[in-house]
Every structure is written in C-alpha cells, then in structure tokens.
Amino acid sequence: MRPRSILAPEWWDFTTLDRELLDDAARLTLEDIEGFSREGFEVRMYDTLEDFYLAEALEYITAWKQATADNPCGICGPIGPTEQLPLVARLVNELELDLKHAHFWGMDEWVIDGKEVPFDFPLGFAKADTDMLFDRIKPELRMPKENIHFPKADVSEYVASWDLARCLVMQGGQGDAKHWAFNDPFPRTGAYVDAPPSPEEYRQLGTRVVDLHPVTVMQNARTSGGGVVTEVPTSAVTVGPKETWKSECVSIWQAGAHDNPFGQRLTALMIAKKIPDSAVPMSLLADHPNVRFNYFRGGLGTCTVQMH
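For the protein, an unreviewed UniProt entry supplies the name Glucosamine-6-phosphate isomerase and the organism Blastopirellula sediminis.

Below, the structure is given as structure tokens:
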C-alpha cells in the first residue's frame, strides 16, 4: 500500500511516491536537468530573469503572428507567472501586430458556490489577464472579444472554443502540488482510497470544476494574497488534459517563484524518464508529444539543508 501524504493525509500528492524516486530527484544537479532533453521533451535554461520573461512573452507573439483568416490560432496562458503579460502587450503595440484572427484561452478561474467568480473578484484570473495584458494593447490591434475564451462553471462554451482555432502552445507554471492549471491530485476517497487514478484515467478528464488540494490553496494565498488563506476559494474551473492534448506544445515556465527546487527537479525527472503518476499531475505530460520546461538557472537552487 502506498504511504499517506505527509502534507494532507486525505489527499494524494508527491509525498505518496516511492521514497527512492523522491531521493533521486533531490540529488539532481543543474547539469543533470540540462541533460534530460529527449524526443518530445526539451529543457531550456535562461541566465537572467529579463531573458526568461521576454522569451515567455515571445511565445505569445510567435503564436499570434501565425493567425490568419484561414488559420485562426493562438495560445492558452496562465495566471502564475504573470510577469510576461505586460511585456506581451508592449510587444504587440511596438510591432503593430493585428490580432483580429488570433485567439487566447485562459487556463482557469475561481469558483464559489458553484459559479465562477465575478470579473471584479480581486484574485480573478480573467481580471488579471485583462488588466495586465488586453487593456494595455492599442484598441485598433486588440483581438475580438469572441476570440478570448475564459472558462466558466458551465464549461460547454469554453470546451467548444477549442475546436474554433488551433492552440499552438499551452503555457503554464508549476504549483507546489505539481499541477499545471488546476489539475491537482485527487482526494483519497471512494475508488481512490488505495491508489490515485491511473494516468490513462486522469488524461480522459476535460475542463471541469475541481476541489483544490490544500497545498494549492495555501500556495495561492502565499503568492497572491499575502498569506490570507481565508480569501482564497477552494474550488476552481480548470482546463483539462483533454484540451491540453489538443495543444501542439505545452510550455512550462519555472522561475523559482512558485514551486521550490525539489519540485522543479521531481517533475523534470518523471517526465524525462517517463514515470507518469497522477499523484504528480505534471508527470502525466511525459506522454504528451511536445513539452518544454523553461528554467531560470538562478531559481533552481539546491536541495541541500540551509538553515534560515
């Protein structure tokens, strides 16, 4: 029987993995991670945060430049990280990039009492994308509102939007629970008391409303709310693996501001060595045909003991 979680005993997470795998991840050096690139999985390193966030912003520009009337296409983007968003707007304006055929998919949104939060919710993701990106683009260059797809608790319109245009890249970060978007590990209940869902079962999930792992709630309080956990919703609607596999590339950006040195190592190891396990949802990308992990070297740190 797999061990119980050290972090949240009624849930699955990375602490329920074999200890040998966890120890192997903790020992990885930066050079080890650089050597993990293989067919279908590329590791990229950046020496400065300026280069890191500019490269992340350019993924938007590269995708949107390809959009035409006959080839509508775009990008699915995260809130976390957000530093790239104002850079995207500046690049669109400076390059005078007309976005009338471009598309954008938001990854997720908070849900309270079965309904997505209103636009003015302070922690809202649609609000953040609008404030930090879309409202900063010159009006004559902006994409039509119908080409901006934010998920809602009723997922039908959002799911259908994935067939309106090609998603060239799904961009994201990595949370402490080792998720992309809010694809969190499952609670340890019902059919999943003794084992988490199989990778095959988890990959069948589409966009849906989810209950968030306690670690995810704590992380969002830390990164976005000054640690005020009571202000963070415990449910969200999130883009699913089904839509993720419709994306031609999945590009994960890790500056060291979200997941820690150990987490950044663990998922790289599991994807590189093709060890998918739904207790570590990010590891399921081991079976996606085109995944990139982008690291800021200075954010990779070490897993040695440092007393503070």
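> For this particular structure, what's the right way to read the sheet that holds strand E4 (residues 108-112)?
Think of a sheet as strands paired side by side through backbone hydrogen bonds, with each pair either parallel or antiparallel. Taken in spatial order, the 4 strands of this open sheet run E5-E4-E9-E8, and their pairing is antiparallel. The open sheet is flanked by strand E5 (115-116) and strand E8 (208-211), the only strands paired with a single partner. Of the strand pairs in this sheet, E4 and E5 are connected by 2 bridges, and their pairing is antiparallel. Following the sheet pairing, Ile112 is matched in E5 by Lys115.

> When you look at the sheet that holds strand E10 (residues 250-254) in this model, what are you seeing that I'm missing?
With respect to topology, 7 strands assemble into an open sheet ordered E1-E11-E10-E7-E2-E3-E6, the strand pairing being parallel. Edge positions in the sheet fall to strand E1 (41-46) and strand E6 (148-149), since each has one partner strand and no second. Taken together, the 5 bridges between strand E2 (residues 73-77) and strand E3 (residues 102-106) define a ladder with parallel strand orientation. Looking at E3, one finds that Gly74 is bridged to His103.

> Teacher, can you tell me more about helix H1 (residues 19-26) here?
Given 3.6 residues per turn, any residue in an α-helix points the same way as the ones three and four places further on. Burial in H1 covers these residues: Leu21, Leu22 and Ala25. Burial along H1 is one-sided: seen end-on, the buried residues are contained in an arc of 100 degrees. Exposed residues pointing more than 90 degrees away from the buried face of H1 are listed as Arg19 and Glu20. Tucked into the core, H1 has its buried residues touching helix H10 (261-272). The backbone nitrogen of Glu20 lies 3.0 Å from a side-chain oxygen of the residue at the head of H1, namely Asp18.

> Quick question: what am I supposed to make of the nonpolar core here?
Side chains of a nonpolar character, in soluble globular proteins, are inclined to be buried together. Counting 39 residues, the largest nonpolar core has Ile33, Phe36, Leu266 and Phe293 as its most contacted members. Elements with a contribution of two residues or more to this core: H1, E1, strand E7 (166-172), E10, H10 and strand E11 (291-296). With 7 residues, H10 is the largest single contributor of residues to this core. Excluding residues that lie within four positions of it along the chain, Leu266 makes contacts with Phe14, Leu17, Leu21, Leu22, Ala25 and Val280. Listed in part, the 25 residues of the second largest apolar core include Ala57, Leu97, Leu141 and Leu168.

> It is not clear to me how the side chain of Ser278 should be interpreted in this structure. Could you clarify?
Positionally, Ser278 belongs in the loop between H10 and E11. Given a relative accessible area of 2%, Ser278 falls into the buried group. A polar atom in the side chain of Ser278 sits 2.6 Å from the backbone oxygen of Pro197. Sequence-distant contacts of Ser278, defined by excluding residues within four places in its chain, comprise Pro185, Pro196, Pro197, Tyr202 and Leu284.

> I would appreciate a short explanation of the packing of H1 against H10 in the present structure.
Between two packed helices, both the angle of their axes relative to each other and the distance between the axes serve to describe the pair. Viewed as axis vectors pointing N to C, H1 and H10 meet at an angle of 115 degrees, and their least axial separation amounts to 8 Å. Taken together, the axes of H1 and H10 lie roughly perpendicular to each other. In this structure, the crossing between H1 and H10 has a hand that is right-handed. Here H1 contributes Leu21, Leu22, Asp24, Ala25 and Ala26 to the contact with H10, which in turn contributes Phe262, Arg265, Leu266, Leu269 and Met270.

> Would you mind going over the pattern of salt bridges with me for this structure?
Two side chains bearing opposite charge may form a pair once their charged atoms approach each other closely. All chains considered together, the criterion is met by 15 salt bridges. The partner of Arg19 in a salt bridge is Asp23, and the shortest N-O contact between them spans 2.9 Å. In this pair, Arg19 and Asp23 both sit in helix H1, 4 residues apart, roughly one turn of the helix. Using a relative accessible area of 60% as the deciding quantity, one classes Arg19 as exposed. The class for Asp23 is partly exposed, based on a relative accessible area of 29%. In this structure, Arg297 engages Asp47 in a salt bridge whose closest nitrogen and oxygen atoms are separated by 2.6 Å. Linking Arg297 in helix H11 (residues 297-300) with Asp47 in the loop between E1 and helix H3 (49-65), this pair joins segments that are 250 residues apart in sequence. Judged by relative accessible area, Arg297 falls into the partly exposed class, the value being 30%. Through salt bridges with shared partners, a single network forms among Glu34, Asp47 and Arg297.

What counts and what doesn't
Residue numbering note: each chain is counted from 1, following its sequence as written. Two thresholds apply to this predicted model, a pLDDT of at least 70 for residue-level local features and 80 or more for giving and counting side-chain atom pairs, whereas whole-chain, interface and lining totals are computed over all residues. To obtain the side-chain values, all non-hydrogen atoms of the structure were used and water was disregarded. Strand pairing is defined by DSSP finding a minimum of two bridges between the two strands. By definition, any uninterrupted DSSP run of H or I lasting at least four residues is a helix, any uninterrupted run of E lasting at least two residues is a strand, and each is numbered from the N terminus. Accessible area is worked out with a 1.4 Å probe on protein chains only. A residue is then buried under 20% of its type maximum, exposed over 50%, and partly exposed in between. Here the arc refers to the set of directions running from the helix axis out to each C-beta atom. Every residue pair with non-hydrogen atoms within 4.5 Å of one another is taken to be in contact. Identification of polar contacts relies on pairs of N or O atoms within 3.5 Å, with a donor-acceptor requirement for protein atoms, meaning one able to donate a hydrogen and the other able to accept it, and with residues adjacent in sequence counted only if both atoms are side-chain atoms. What we call a nonpolar core is a set of buried Ala, Val, Leu, Ile, Met, Phe, Trp, Tyr and Cys residues that are connected through their side-chain atoms within 4.5 Å. Interaxial angle, 0 to 180 degrees, is taken between N-to-C directions of lines fitted to C-alpha atoms, where a helix line uses only the stretch in contact. By definition in this entry, angles of less than 35 degrees are roughly parallel, angles greater than 145 are roughly antiparallel, angles of 65 to 115 are roughly perpendicular, and the rest are oblique. Handedness of a helix crossing follows the sense of rotation of the near helix relative to the far helix, less than a right angle counterclockwise being left-handed and clockwise being right-handed. For this document, the term salt bridge refers to a Lys or Arg side-chain nitrogen within 4 Å of an Asp or Glu carboxyl oxygen.

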